[in-house]
Amino acid sequence: MTTLAQTFSLFERLRAPAALRRGLIAGTAWGLAVAAALTAMVAWQCGGICIDEMLATAALSIATGIATIGPLAAFGHPVRQSATARR
């Protein structure tokens, strides 16, 4: 019975549009923060910013954030039980 309850909540989380939105926002925010930190570190070490390198770092950081932090944010929110699940 516990397995069915966990499966139900996982599928319910996958169908919820808020979960996808929450995952994309969190992953993008994490990626932008990492890209800003890496760009600042490179600018401090080299004395300047290379636009091509900054764009590549930002794209990779955002993609990595969506792939890693996104699912944590999407599935980390508890799901309310529906009326049929309580019965």
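Quick note: structure is the one above.
Thresholds applied
- Residues numbered from 1 in each chain as written.
- Predicted model: local features only at pLDDT ≥ 70, side-chain atom pairs only at ≥ 80, totals over all residues.
- Heavy atoms only, no water.
- Helix = DSSP H or I, 4+ residues; strand = E, 2+ residues; numbered from the N terminus.
- Buried < 20%, exposed > 50% of the residue type's maximum accessible area, 1.4 Å probe, protein only.
- Contact = heavy atoms within 4.5 Å.
- Areas by Shrake-Rupley, 256 points an atom, 1.4 Å probe, with all protein chains shown as cover.
- Expected span 1.5 Å × (residues − 1).
- Polar contact = N/O pair within 3.5 Å; in protein donor to acceptor, adjacent residues only side chain to side chain.
- Axes fitted to C-alpha atoms, helices over the stretch in contact; angles between N-to-C directions.
- Left-handed = near helix turned anticlockwise from the far one by under 90°.
- Nonpolar A, V, L, I, M, F, W, Y, C, P; charged D, E, K, R; others polar.

### Section: the overall build of the chain
Move 1: Helices and strands together make up the secondary structure of the chain, namely four helices and zero strands.
Move 2: For the chain, with 87 residues in total, the buried portion stands at 15%.
Move 3: Across the chain, every contact between residues at least 6 apart in sequence was considered, and the portion connecting residues at least 24 apart equals 79%.
Move 4: As displayed, the chain has an accessible area near 6,400 Å², and 70% of this comes from carbon and sulfur atoms.

### Observations regarding helix α2 (residues 17-46)
Structurally, the α-helix is built with 3.6 residues per turn, so residues lying three or four positions apart point the same way.
Move 1: In this model, α2 (30 residues) spans 43 Å end to end at C-alpha, consistent with the 44 Å of a helix rising 1.5 Å per residue.
Move 2: The set of residues buried in α2 consists of A19, G23, G27, G31, A35 and T39.
Move 3: Of the residues flanking the end of α2, it is G47, one or two places downstream, whose phi is positive at about 85°.

### Re the environment of A43
Move 1: Note that A43 resides in helix α2.
Move 2: For the pair A43 and M54, spaced 11 residues apart in sequence, the C-alpha to C-alpha distance is 9.9 Å.
Move 3: Among residues more than four places away in sequence, those in contact with A43 are G48 and I49.

### Structural notes on the side chain of S61
Move 1: Within the secondary structure, S61 sits in helix α3 (residues 51-75).
Move 2: Polar contacts involving the side chain of S61 include one to the main-chain carbonyl oxygen of T57, which spans 2.8 Å.
Move 3: Sequence-distant contacts of S61, defined by excluding residues within four places in its chain, comprise W30, G31, V34, A35 and L38.

### Section: the side chain of T57
Move 1: Its place among the elements puts T57 in helix α3.
Move 2: Side-chain polar atoms of T57 contact the backbone oxygen of E53, separated by 2.8 Å.
Move 3: Not counting chain neighbours up to four residues away, the residues in contact with T57 comprise A35 and L38.

### Description of the packing of α2 against α3
Move 1: Contact geometry of α2 with α3 gives a least axis separation of 6 Å together with a crossing angle of 145°. Pair α2 / α3 crosses with right-handed handedness.
Move 2: Of the residues that constitute the contact of α2 with α3, the class distribution is 16 nonpolar, 11 polar and two charged.

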